[in-house]
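What follows is the residue order along each chain.
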Amino acid sequence: MHVNEAALIARVRAGDEAAYRTLLDRHLGPVTAYVRRMMMSAPEADDIVQETFIRLWTQAQRYDPAAAKLSTWLHNIAHHLVIDHFRKHGRVVTGVADDDVVAEDISLSDQIVHREQHDQMSRCLMALPERQRSAIVMCHYQGMSNRDAAVILDVSVEALESLMARGRRKLRQLLAEQS
Amino acid sequence: MNHERLKRIIEAYGARQENWPANERGQAVDLLAADEQAQRTLAGYLAQQRSVDEALDALTVMPGADLRDRILQALPRLHWVDRCLAWLLPDTDQLRQYFWRPVLAASLPLVTGLLLGASTLTTDTSFSWEDELTLMALDDSVMEILSE
């Protein structure tokens with residue numbers, strides 16, 4: 001946890017918008033990255049990110065700094081919102097957001113190659129069962145510790161490792177099939 | 001740390017040592033660096049997982065440009081009563097730092113009572129003296145009647 005994150009949370013609980021903006025700037029990028037990689041649909045992902053951060057504002061009193069890092073708490077909220085969304089609407093891939101794909105400072109041919117690799121990986125990742133995908137996204141992309149990821153998925157560390165190993169095996173198989 | 005555990009770590013976390021569990025990373029790296037048999041046995045696993053790591057890296061994402069503003073605009077405004085309560089009654093984990101706030105909240109009725117009492121207290125004592133004299137006179141007359 002950042003040095004003054006507990007103090008910022010206390011101020012957010014008292015309705016301090018400046019403290020809230022500081023926390024928003026600190027955590028918006030990672031939480032957005034997590035949700036977008038889980039959903040592969042920018043508009044729906046952004047709705048879930050928005051709901052996650054509104055809960056930071058309205059339910060800050062529920063966060064216990066002694067129990068978890070704020071980033072873990074926010075990822076936990078986002079994760080459960082994503083799962084609820086899939087339960088209600090099914091897992092629909094509407095396409096990858098253009099602004100996610102490539103930087104504009106590379107050549108056109110590199111952009112095309114990058115786009116193909118990006119689309120291929122997003123298809124493979126979306127083909128994984130949700131729990132395997134969550135485990136890989138949290139530990140590979142988000143840099144989360146195995147314990148934090150296990151808490152969010154409500155499994156033991158051993159079970160988390162099993163999910164990741166099976167997910168990576170399946171990814172390798174899917175990538176081989178597509179190439 | 002042994003070969004079997006190192007293999008399971010590579011299968012779960014990939015080939016990049018920085019992604020391995022922090023509490024086992026040192027031992028795993030040392031074993032891989034020092035043990036030639038481990039290097040030979042696990043070379044194939046490492047190569048497989050390295051290709052998965054590189055494929056995963058292709059999936060880059062960036063936050064939406066207007067998402068921050070959208071979130072700030074969508075924030076529900078807290079009622080001033082809720083803000084006051086949140087300030088006066090901190091959560092248990094904050095209680096040690098802000099113990100004086102609930103003390104202040106508890107003493108508010110006492111302070112309010114003292115202020116109200118002070119503001120309604122009359123300083124004009126003429127009526128009370130007159131009342132006292134009347135009572136004294138009544139007492140005398142009653143005593144006279146009684147003595148007769």
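Here the structure is a predicted model, which means the values were calculated and not measured.

### Observations regarding the overall build of chain A
At step 1: Within chain A, the secondary structure is distributed over nine helices and zero strands.
At step 2: Written out in order from the N terminus, the α and β elements of chain A read α-α-α-α-α-α-α-α-α.
At step 3: Taken over 179 residues, chain A has a buried fraction of 42%.
At step 4: Long-range pairs, those at least 24 residues apart, make up 67% of the contacts in chain A with a sequence separation of at least 6.

### Quick notes on the overall build of chain B
At step 1: Helix and strand counts for chain B come out as seven helices and zero strands.
At step 2: Across the 148 residues of chain B, 11% fall into the buried class.
At step 3: Looking at chain B alone, contacts between residues at least 24 apart form 51% of all its contacts between residues at least 6 apart.

### Here we look at the interface of chain A and chain B
At step 1: Contacts between the two partners involve 42 residues from chain A, matched on the other side by 34 residues from chain B.
At step 2: Of all the elements, helix H3 (residues 42-58) of chain A adds the most residues to the side of chain A that touches chain B, at eight residues.
At step 3: For the side of chain A that touches chain B, the class distribution of residues is 19 nonpolar, 13 polar and ten charged.

### A look at the nonpolar core
At step 1: With 53 residues, the main nonpolar core has Val35, Ala78 and Met164 of chain A as its most contacted residues.
At step 2: Among the elements that take part in this core, helix H2 (residues 17-39) of chain A stands out by supplying ten residues, more than any other.
At step 3: Those residues in contact with Met164 of chain A that sit more than four places away from it in its chain are Ala135, Ile136 and Cys139 of chain A together with Ala12 and Tyr13 of chain B.
At step 4: Among the nonpolar cores identified, the runner-up in size contains eight residues, and Cys124 and Leu128 of chain A together with Val52 and Leu59 of chain B belong to it.

### Some points on helix H1 (residues 3-13) of chain B
At step 1: All buried positions along H1 of chain B are accounted for by Leu6, Ile9, Ile10, Ala12 and Tyr13 of chain B.
At step 2: Packed against the buried residues of H1 of chain B are helix H7 (130-141) and helix H9 (157-178) of chain A together with helix H2 (22-34) and helix H3 (36-57) of chain B.

### Topic: the environment of Ala78 of chain A
Residues and elements named next belong to chain A.
At step 1: Residue placement: Ala78 occurs in helix H4 (residues 70-89).
At step 2: Sequence-wise, Ala78 and Asp25 are 53 residues apart; in three dimensions their C-alpha atoms are separated by 16 Å.
At step 3: Setting aside chain neighbours within four positions, we find Ala78 in contact with Val31, Tyr34, Val35, Ile48, Val49 and Thr52.

### A short note on unusual backbone geometry
At step 1: A positive phi angle is found at Asp154 of chain A, which is not glycine, with a value near 60°.
At step 2: Tracing the sequence through the fold places Asp154 of chain A in the loop between helix H8 (146-153) and H9.

### Observations concerning the confidence of the model for chain B
When pLDDT is low, close inspection of the predicted coordinates is not appropriate.
At step 1: Summing up the model confidence of chain B, the mean pLDDT is 80 and the portion of residues at 70 or higher is 80%.
At step 2: Scored as a complex, the prediction yields pTM 0.72 and ipTM 0.78.

### Concerning the environment of Glu44 of chain A
Residues and elements named next belong to chain A.
At step 1: Along the chain, the position of Glu44 falls in helix H3.
At step 2: Taking C-alpha positions, Glu44 is 9.4 Å from Val82, a pair spaced 38 residues apart along the chain.
At step 3: Apart from residues no more than four positions distant in its own chain, Glu44 is found in contact with Met39 and His85.

### Focus: the packing of H9 of chain A against H1 of chain B
At step 1: Here H9 of chain A crosses H1 of chain B at 65°, and the two axes come no closer than 7 Å. Handedness of the crossing formed by H9 of chain A with H1 of chain B: left-handed. Residues Glu161, Met164, Ala165 and Arg168 of chain A of H9 of chain A lie in contact with H1 of chain B, whose contacting residues are Arg8, Glu11, Ala12 and Tyr13 of chain B.
At step 2: Of the residues belonging to the contact of H9 of chain A with H1 of chain B, the class tally is four nonpolar, no polar and four charged.

Basis of the calculations
Residues numbered from 1 in each chain as written. Chains lettered and ligands numbered in written order. Predicted model: local features only at pLDDT ≥ 70, side-chain atom pairs only at ≥ 80, totals over all residues. Helix = DSSP H or I, 4+ residues; strand = E, 2+ residues; numbered from the N terminus. Buried ≥ 20, exposed ≤ 12 C-beta atoms within 10 Å, placed from the backbone. Contact = placed C-beta atoms within 7 Å. Nonpolar A, V, L, I, M, F, W, Y, C, P; charged D, E, K, R; others polar. Core = buried A, V, L, I, M, F, W, Y, C linked by C-beta atoms within 7 Å. pLDDT = per-residue confidence, 0-100. Axes fitted to C-alpha atoms, helices over the stretch in contact; angles between N-to-C directions. Left-handed = near helix turned anticlockwise from the far one by under 90°.

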